[in-house]
Amino acid sequence: MKAILIDDHPLIINAYRQALLKTAEDRNTHFDIKVKKDLEEAASLFKKNSELIQNTEIIFLDISLPLGKSKEFLSGEDLGIKIRKENPQIKIFVSTSLNDNFRMHSILRSIDPDGFVIKNDLTPAELIQAIEIVLDNPPYYSQSVLQLLRKQISSDQILDDLDRRLLYELSIGTRMKDIPDVLPLSIAGVEKRKRNLKIIFNVEDQGDSGLIRVAREKGFI
Amino acid sequence: MKKILTLASLIFCLGCNQNPRKPIESYKKDSLHIDKYIESGNRDSLMILVNSLSVDSLKLQLIFDISYKYYLKSDSIQFRFWNSFSNEIAEKYSDSSKIAESHWDLGNFYNKYSVPDSAYYYFNNAYNEYKRIGDEFFSARMMLNMAVVQEKVKDYSGSEVSAFKSLPIFQVLQKHKQLYITYNLLGIDYNGMDDPVNSLKYHNLALKEAEQLKDSVLASITLNNIGVMLQDNKKYRSSIQYFKNALEYDSLLFKKPDSYANAVDNMAYSYFKLGESPRIFLHLSRKAYKIRDSISNRSGKIMSDIHFGEYSVRDGDTTAAISYFKRALRDSRITKNNSHLTEALSQLGELGLDSSNYYLQEYIHLEDSLAREERKIRNKLARIRFETDNYIQVTEKLTKQRLYILIIGVILTAGFILAYFYRVQKAKNRELVFEREQQLANEKIYDALLKQQAKLEQGRQEERSRISAELHDGILGKLFGTRMNLGFLFMDNKNADPYMKDLQEIEKEIREISHNLLDSLNKPNEPFFHVIKDYLSDIGKSTHIQIEFRKENELDMEVFTSNDQIHIFRLIQEAVQNIIKHANAENILVALSESESFLIVKIQDDGIGFDLKQNSDGIGIRNMKTRIAKLHGEIFFNSSKKGTEVLLKIPLERQCL
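Everything numeric here is computed off the predicted structure, so don't read it as measured data.

### Brief notes about the overall build of chain B
Now for step 1: In terms of helices and strands, chain B carries 24 helices and five strands.
Now for step 2: When the 657 residues of chain B are sorted by exposure, 46% land in the buried category.
Now for step 3: Residue pairs at least 24 apart in sequence account for 64% of intrachain contacts in chain B once pairs closer than 6 positions are excluded.
Now for step 4: Summed over all atoms, the accessible surface of chain B reaches about 35,700 Å², with 54% contributed by carbon and sulfur.

The following block contains the structure:
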């Protein structure tokens, strides 16, 4: 079986290798492993007539990959989207150290990975288990992801994309005057949305950090 | 050849003595008394009478009348007294016309006593006075009097000038009497200047005036004068005709016997000069002498004697001639008549006697001294005129000068005042400009302070970000990798499990730290609050007032530009300053909060409060109002004896951009 590992940490690559070895042992097969360490190397996967991607069973994808020289892909997420589009049969195993509900939600929606693990959640045993499940019976989500999904489903608030992004920007400390540069909103628009969100989350008399706190609780960020 | 003008120059000082006077009958009830007092020279009684009159004008009139009476009586002492008194009283009443009249009277007096320079001087004073009050007619009459005096001292050209000065006024006013006198005088002047043509011309004009006036006496005088003029020019035959015409006015003998005698004698002399009809000469000249003797005309008798003498010389009767001339000489010495004197001396000198030399010498001497005298007086008169003119000129110049000085003074004063105000304004302006500059500088300082604080904050944030990123990207990743690999290694070793778990925990902690670092990015408003806190704590330290600063937790000052933030800071500062200056407070509270998209700033103190109803705001309050307007906000004052509260309400959304 073919597996492609895309990650920039050699230690983590080694961990994946070991895990795949164990898995292969259990299945009495062999994994042919190819490693790509940045987005540019990963880009070569999609060259015309590339044999690499054929017959690949599973791709391990780290979301936070460093850029290469060519900026064909801006992030691991982009890469994931492309893989899913062109080779939908390949199983995508996303691992990330981000613990950001917003990003997690975004990845789930854009890539729809077969496996989605937060690095911190993993132990070696769990990794092996995750790989097994992804190969046989996807999806596999690690603990944090499951918690996020639970929060989201239990919450009956509907926020649109812009709201989520706004909350995210606020949470990372983007200044009010800079938000119009990042989002398609004017300052007045931002204020209006903030006010609405505060009403929705029932934190009208609290400041911005109250909003962020609640949004975090609800798993939006 | 010198001319004997005595007979011709009978100038009727008609104008001199005639004044439009009210007759003394005004004081009817006292008139008899007045005459008696005047006769007796009882000055005290006259004075009492004068003072008894209550009306000022009557008082003055009486004084003038008294002085005139004494003038007529030729009582010089009394006249001088009353004349000077009249002048004094006229000055007291500031009656310019009467002042002039007093001078006039004095001029007449001097003229009568043949003191020509004084006469001229006083006539001149009167002239100036009349001119000053704008009385053209009387000033012209004074000018005429002066012309008469000038003629008397043989200043013919001067007299001519003066006469011509007065002539136009008499012509305009159609004063025929004065015109007669003026033309008559001009005729005499031209004769004196050896201009027979003009002399005749003006005498004829005088004749016309006399006819206008229907005054036969004046007419005959003029005819006589023309005759004399012709006689001087040796036109003896024509002169006789004129003398005859003059004598045709028969009433002349009664009205003016001296003129009559003159005409007769003149005619006789013409006959003598012609060398004809000695009998006519003798007849006429004796007739003349008789008349003159009867009226005691001393001057005329001297002329007669001289003529008799001349005749005697022609006749060859030297002895008679000598006696006539000597008599003439004696009489002319007595009467002090210089022209007669010189004539007599000259005749005696020409007789060729032993004593002739003596007479000639005296004659020359006299002529010289007379000439000198005349020159002196002419100069004196000229000087008086000149001095007066000069005086007038100087006065005018001074008046003009004074006016200029006044104008310049006013302009200068105005200029100084303007300059002063300008300086004051400029100083005020400079002050204002300086204040504004200071304000701008202050604002710049605060702006810089805020920016600096912001930079500091930003630096801190960036540090944190960096650390967070390093922790997260670098260490966490490595730690995870190592943990996983170790895990695989020790997968079968149950003893390793707790350590693996610990490692996992450690990972988690690092991650949390990394997050928290990022979290504290949510405080972008520090610089502003920092500045306020520092300021308030400084105030608290220096004034020992308790100052409390409260702010709502989530207050976001980011909506305000740094300029606006400065304004808000300054508003707080202004309010605090006011409290320190006026309120006498112990506690101050500065609280910032947010309410319905408004920033609310409350500055409260427990001082003595101030009068809200004060109509004019102090500079502090005015500044605050200006600032709050710039922020498009509102300011509210609430004050009582227990304290004051200043409330600022500033909109967060800037809709009016």
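### Considerations on the overall build of chain A
Now for step 1: Within chain A, the secondary structure is distributed over ten helices and six strands.
Now for step 2: Looking at chain A residue by residue over its 221 residues, the buried ones come to 54%.
Now for step 3: Counting only contacts in chain A whose residues sit at least 6 apart along the sequence, the fraction spanning at least 24 positions is 65%.
Now for step 4: Counting only carbon and sulfur atoms, one obtains 48% of the accessible surface of chain A, whose full area is about 10,500 Å².

### Some thoughts on the sheet that holds strand β4 (residues 91–96) of chain A
All names here are of chain A.
Now for step 1: On the basis of which strands lie adjacent, the open sheet formed by six strands has the order β2-β1-β3-β4-β5-β6 and parallel pairing. Edge positions in the open sheet fall to β2 (32–36) and β6 (140–141), since each of these has one partner strand only.
Now for step 2: The pairing of strand β1 (residues 2–6) with strand β3 (residues 56–62) spans five bridges and is classified as parallel. Residue pairing across strands places A3 opposite I58, the latter belonging to β3.
Now for step 3: Lying over the sheet, helix α1 (residues 10–27) contacts β1, β2, β3 and β4, oriented at roughly 160° with respect to β1.
Now for step 4: Lying over the sheet, helix α5 (residues 124–136) contacts β3, β4, β5 (115–118) and β6, oriented at roughly 150° with respect to β4.

### Some thoughts on the interface of chain A and chain B
Put simply, an interface is often sized by how much accessible area is lost when its parts join up.
Now for step 1: With 35 residues of chain A at the interface, the matching set in chain B holds 29 residues.
Now for step 2: Together chain A and chain B conceal approximately 2,700 Å² of surface at their shared face, both sides included; 55% is due to carbon and sulfur atoms.
Now for step 3: Three residues, N120(A), P124(A) and R175(A), lead the burial of chain A against chain B; their summed loss comes to 24% of the area buried on that side.
Now for step 4: At the boundary of chain A and chain B, one finds zero salt bridges.
Now for step 5: Summed over the shared surface of chain A and chain B, the number is eleven residue pairs in polar contact (both at pLDDT 80 or more).
Now for step 6: The set of elements that each furnish at least two residues to the side of chain A that touches chain B consists of α1, α5, α7 (161–171), α9 (187–201) and α10 (208–217) of chain A.
Now for step 7: Considering each element in turn, the side of chain A that touches chain B owes the most residues, seven residues, to α1(A).
Now for step 8: A class-by-class count of the residues in the side of chain A that touches chain B yields 14 nonpolar, twelve polar and nine charged.

### Some details on the sheet that holds strand β4 (residues 634–640) of chain B
Residues and elements named next belong to chain B.
Now for step 1: Overall, mixed pairing links the five strands, which are arranged β1-β2-β3-β5-β4 in an open sheet. Where the open sheet ends on each side, the last strands, each with one partner, are β1 (546–551) and β4. Neighbour-to-neighbour, the strand axes of this sheet turn through a mean angle of 10°, independent of strand direction.
Now for step 2: Where β1 lies against strand β2 (residues 587–595), six bridges are found, and the strand directions are parallel. Residue R550 lies in a different strand from β2, and its bridge partner there is A591.
Now for step 3: The strands touched by helix α23 (residues 562–583) within the sheet are β2, β3 (598–605) and β5 (643–651), with β3 carrying the most contacts at an inclination of about 15°.
Now for step 4: Packed onto the sheet, helix α24 (residues 619–630) meets β4 and β5 and runs at close to 145° relative to β4.

### Examining the packing of aromatic side chains
Aromatic ring pairs are defined here through the distance separating the ring centres and the angle between the ring planes.
Residue and element names in this part refer to chain B.
Now for step 1: Taken as a whole and judged by the stated rule, the model has 32 aromatic pairs over all chains.
Now for step 2: Centre to centre, the rings of Y68 and Y71 are 6.3 Å apart; their planes meet at 15°, and the pair counts as stacked. Remark: Y71 and Y68 occur in helix α4 (residues 56–72); sequence separation between them is three residues, near one turn of the helix.
Now for step 3: A relative accessible area of 23% means that Y68 is categorised as partly exposed.
Now for step 4: Residue classification places Y71 among the buried residues on the basis of a relative accessible area of 9%.
Now for step 5: Look at Y535 and F569: their rings are 5.3 Å apart centre to centre, the planes differ by 70°, and that puts the pair in the edge-to-face class.

### What about the pattern of salt bridges?
Now for step 1: Evaluated as defined, the whole model comprises 27 salt bridges over all chains.
Now for step 2: Between D7(A) and K119(A) there is a salt bridge whose closest N-O contact spans 3.8 Å. In this pair, D7(A) is assigned in the loop between β1 and α1 and K119(A) in the loop between β5 and α5, connecting sequence segments 112 residues apart. Across this residue pair, the class does not change: D7(A) and K119(A) are buried.
Now for step 3: Between R292(B) and D265(B) there is a salt bridge, and its shortest N-O distance comes to 2.8 Å. Residue R292(B) is found in helix α16 (residues 278–294), and its partner D265(B) is found in helix α15 (residues 257–274); the two are separated by 27 residues along the sequence.
Now for step 4: Exposure remark for R292(B): the relative accessible area of 0% places this residue in the buried category.

### Side note on α7(A)
All names here are of chain A.
Now for step 1: Burial analysis of α7 places nine of its eleven residues in the buried class, the great majority of the element.
Now for step 2: Among the residues of α7, those classed as buried are L162, D163, R164, L166, L167, Y168, E169, L170 and S171.
Now for step 3: The elements touched by buried residues of α7 are α4 (101–110), α6 (143–154), α8 (179–182), α9 and α10.
Now for step 4: Backbone geometry just downstream of α7 places G173 in the positive-phi region, at approximately 85°.

### Points about the nonpolar core
All names here are of chain B.
Now for step 1: Among the nonpolar cores identified, the biggest contains 87 residues, and L46, I66 and W82 are the most heavily contacted of them.
Now for step 2: Sort the elements by how many residues they give to this core and helix α8 (residues 136–152) lands first, with ten residues.
Now for step 3: Ignoring sequence-local partners within four residues, the contact set of L46 consists of I34, Y37, I38, I66, Y70 and W82.
Now for step 4: If you look at the next biggest cluster of nonpolar residues, it comprises 38 residues, including L450, I545, L555 and F569.

### With respect to the pairing of β2(B)
Moving residue by residue along a regular strand, the side chains alternate between the two faces of the sheet.
Residue and element names in this part refer to chain B.
Now for step 1: With eight bridges joining them, β2 and β3 adopt antiparallel strand pairing. Residue pairing for β3: E594 is matched across the bridge by L599.
Now for step 2: Hairpin connection, β2 to β3: the antiparallel pair is bridged by two residues, and E596 has positive phi, about 50°.

### What to know about the pairing of β4(B)
Residues and elements named next belong to chain B.
Now for step 1: Bridge analysis of β4 against β5 gives seven bridges, and the strand direction is antiparallel. Looking at the pairing, F637 lines up with V646 of β5.
Now for step 2: Counted between consecutive antiparallel strands, the loop separating β4 from β5 contains two residues.

### Some points on the environment of K208(B)
Now for step 1: Take K208(B): it is sitting in helix α11 (residues 196–213).
Now for step 2: The spacing of K208(B) and Y180(B) is 28 residues in sequence and 8.2 Å in space, taken between C-alpha atoms.

### Observations regarding the environment of G158(B)
Residues and elements named next belong to chain B.
Now for step 1: Mapped onto the elements, G158 comes out in helix α9 (residues 156–173).
Now for step 2: With a relative accessible area of 14%, G158 lands in the buried category.
Now for step 3: Separated by ten residues in the primary sequence, G158 and V148 place their C-alpha atoms 9.9 Å from one another.

### Digging into the packing of helix α10 (residues 176–192) of chain B against helix α12 (residues 216–232) of chain B
Think of two packed helices as two axes; the pair is described by the angle between the axes and how far apart they sit.
Residues and elements named next belong to chain B.
Now for step 1: Where α10 contacts α12, the axes come no closer than 10 Å and their chain directions differ by 10°. Considered as vectors, α10 and α12 are oriented roughly parallel to each other. Residue-level inspection shows Y180, N184, I188 and N191 of α10 in contact with α12, the latter providing L218, I221, T222, N225, M229 and D232.
Now for step 2: Here the contact of α10 with α12 is built from residues that sort into five nonpolar, four polar and one charged.

Quick notes on the rules
Residues numbered from 1 in each chain as written. Chains lettered and ligands numbered in written order. Predicted model: local features only at pLDDT ≥ 70, side-chain atom pairs only at ≥ 80, totals over all residues. Heavy atoms only, no water. Helix = DSSP H or I, 4+ residues; strand = E, 2+ residues; numbered from the N terminus. Buried < 20%, exposed > 50% of the residue type's maximum accessible area, 1.4 Å probe, protein only. Contact = heavy atoms within 4.5 Å. Areas by Shrake-Rupley, 256 points an atom, 1.4 Å probe, with all protein chains shown as cover. Pairing = 2+ DSSP bridges. Axes fitted to C-alpha atoms, helices over the stretch in contact; angles between N-to-C directions. Buried area = accessible area lost by both parts, 1.4 Å probe. Salt bridge = Lys/Arg side-chain N within 4 Å of Asp/Glu carboxyl O. Polar contact = N/O pair within 3.5 Å; in protein donor to acceptor, adjacent residues only side chain to side chain. Nonpolar A, V, L, I, M, F, W, Y, C, P; charged D, E, K, R; others polar. Phe/Tyr/Trp six-rings, centres within 6.5 Å; stacked < 30°, edge-to-face > 60°. Core = buried A, V, L, I, M, F, W, Y, C linked by side-chain atoms within 4.5 Å. Parallel < 35°, antiparallel > 145°, perpendicular 65-115°, else oblique.

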